[in-house]
Structures are given as C-alpha cells and as structure tokens.
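Observations on the model geometry
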Amino acid sequence: MTDDMNFTLSKEGEEKIGTLLKRYPSTRAALLPALWLVQDEAGWISDEAAEYVAAKLDLPAAEVYGTLTFYTMFNRRKLGRHHIEVCTNICCWLKGSEEILTYLKAKLGINEGETTEDGKFTLSTVECLGACGEAPMMMVDLEYYGDLTHDKIDEILKSLN
Ligand code: FES
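Residues numbered from 1 in each chain as written. Predicted model: local features only at pLDDT ≥ 70, side-chain atom pairs only at ≥ 80, totals over all residues. Heavy atoms only, no water.

Topic: helix α3 (residues 47-57)
Listed in full, the buried residues belonging to α3 are Ala49, Ala50, Glu51, Tyr52, Val53, Ala54 and Leu57. Of the residues one or two after α3, Asp58 is the one with positive phi, at around 55°. (Buried < 20%, exposed > 50% of the residue type's maximum accessible area, 1.4 Å probe, protein only. Helix = DSSP H or I, 4+ residues; strand = E, 2+ residues; numbered from the N terminus.)

Some points on the sheet that holds strand β4 (residues 143-145)
Judged by pairing direction, the sheet is mixed, and its four strands sit side by side in the order β2-β1-β3-β4 without closing on themselves. The outermost strands of the open sheet, each flanked by one partner alone, are β2 (121-126) and β4. Looking at each pair of strands side by side, their axes are set apart by 25° on average, direction ignored. As paired elements, strand β3 (residues 138-140) and β4 share three bridges and run antiparallel to each other. Across the sheet, residue Val140 finds its bridge partner in β4, namely Glu143. Contacting β1 (82-87), β2 and β3, helix α6 (residues 97-108) runs over the sheet at an angle of about 155° to β1. (Pairing = 2+ DSSP bridges. Axes fitted to C-alpha atoms, helices over the stretch in contact; angles between N-to-C directions. Contact = heavy atoms within 4.5 Å.)

Considering the layout of surface pockets
Estimated volume of the largest pocket: approximately 700 Å³. Surrounding the largest pocket, 25 residues form its lining, Thr72, Met73, Asn75, His83 and Glu85 being those nearest its centre. Put simply, the parts of the chain that give the lining of the largest pocket at least two residues each are α2 (31-42), β1 and β2. In the lining of the largest pocket, the residues fall into nine nonpolar, nine polar and seven charged. If you count residues domain by domain, the lining of the largest pocket takes at least three from each of domain 1 (11-70) and domain 2 (82-159). (1 Å grid on protein atoms, 1.4 Å probe; cavity = no way out; pocket = protein on both sides within 12 Å on 5 of 7 lines; lining within 4 Å. Points joined across faces, edges and corners; volume = space filled by probe spheres on them. Nonpolar A, V, L, I, M, F, W, Y, C, P; charged D, E, K, R; others polar. Domains from an automatic or database assignment.)

Here it is as structure tokens:
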C-alpha cells in the first residue's frame with residue numbers, strides 16, 4: 001500500500017467514503033462503490049486517485065489497479081466535457097457505424113480515444129448499448145442518440161456547449 005495522497009475528494013466525498021466503509025462488511029466489498037464515487041466527483045480515475053482509494057480502503061494498490069483494468073466503465077484518462085461513445089457492435093456496424101465514426105473523427109479532428117484540443121469532446125467506441133433497433137447509435141454523456149445521419153450528428157454537436 002502506498003500513502004500517496006496527492007488526490008483528495010471534497011469534504012462531502014470524504015464523508016461518503018466514510019459512510020461506504022461503515023456500510024460494507026469489508027473494505028474489499030466497498031471498492032467498486034468507492035471507485036464510482038471518485039469517478040463521479042473527479043470525472044475519471046487517475047493513478048493518484050487509485051492510490052487514494054487503496055489507502056482509504058487499506059487495500060493493495062495492485063488490487064485497485066486490477067479492478068480498474070477489469071471494469072471498463074471506469075475512465076482512466078481525463079475526458080472532454082462531452083464524451084461521445086459510438087456503438088460499433090454488429091447491428092450498428094451493419095447500419096454504418098464505421099462511417100459514422102469516420103465522420104465524427106473528421107469533424108472533430110481527432111481519433112478514437114482522443115480529446116479535442118479545446119477539451120470539449122472525447123471520442124470513444126463502445127460495445128452494444130442495447131438500443132440496436134435505433135442503429136447506428138451513439139451515447140453522449142449517458143444520453144442515447146439513434147438513427148444517426150451526418151445532419152443529425154451536426155445538430156447534436158451544435159447543441160452541446
Ligand atoms: S449493436 Fe449498437 S446498440 Fe446494439
């Protein structure tokens with residue numbers, strides 16, 4: 001365990017971690033909710049944040065890193081203000097998700113996994129989002145957008161500040 005404490009939560013976040021530790025039978029059981037809490041507040045989980053959670057929960061840092069690698073819902077890099085996630089699974093792929101992704105890359109001037117220079121957009125791909133009936137689709141900041149066309153994408157991007 002390391003005591004690297006460069007990362008800290010807000011006072012409220014600290015209190016929530018304290019509540020988690022009381023609620024769960026073991027610190028190990030509190031790991032996922034604690035990581036969620038950190039991501040919710042910081043937007044992503046840096047190495048410093050991972051070390052912070054390990055120290056708080058008195059768990060080996062390796063265990064925290066292992067969990068972060070296993071669960072893809074944790075962001076390991078700082079995201080832009082808006083996170084665009086294009087579904088590239090089979091239904092969306094059959095309906096042109098690759099072309100949608102190409103369009104977004106060209107429009108934003110970034111590749112998959114990158115963030116625009118102004119820090120506004122991060123572009124990612126995801127597996128099936130369970131909305132295959134609306135393929136091709138994408139999610140932006142947890143909101144679903146289906147039946148995508150270039151015009152629709154232009155409108156969506158314009159509506160985001
Ligand atoms: S394949 Fe894209 S939502 Fe299911």
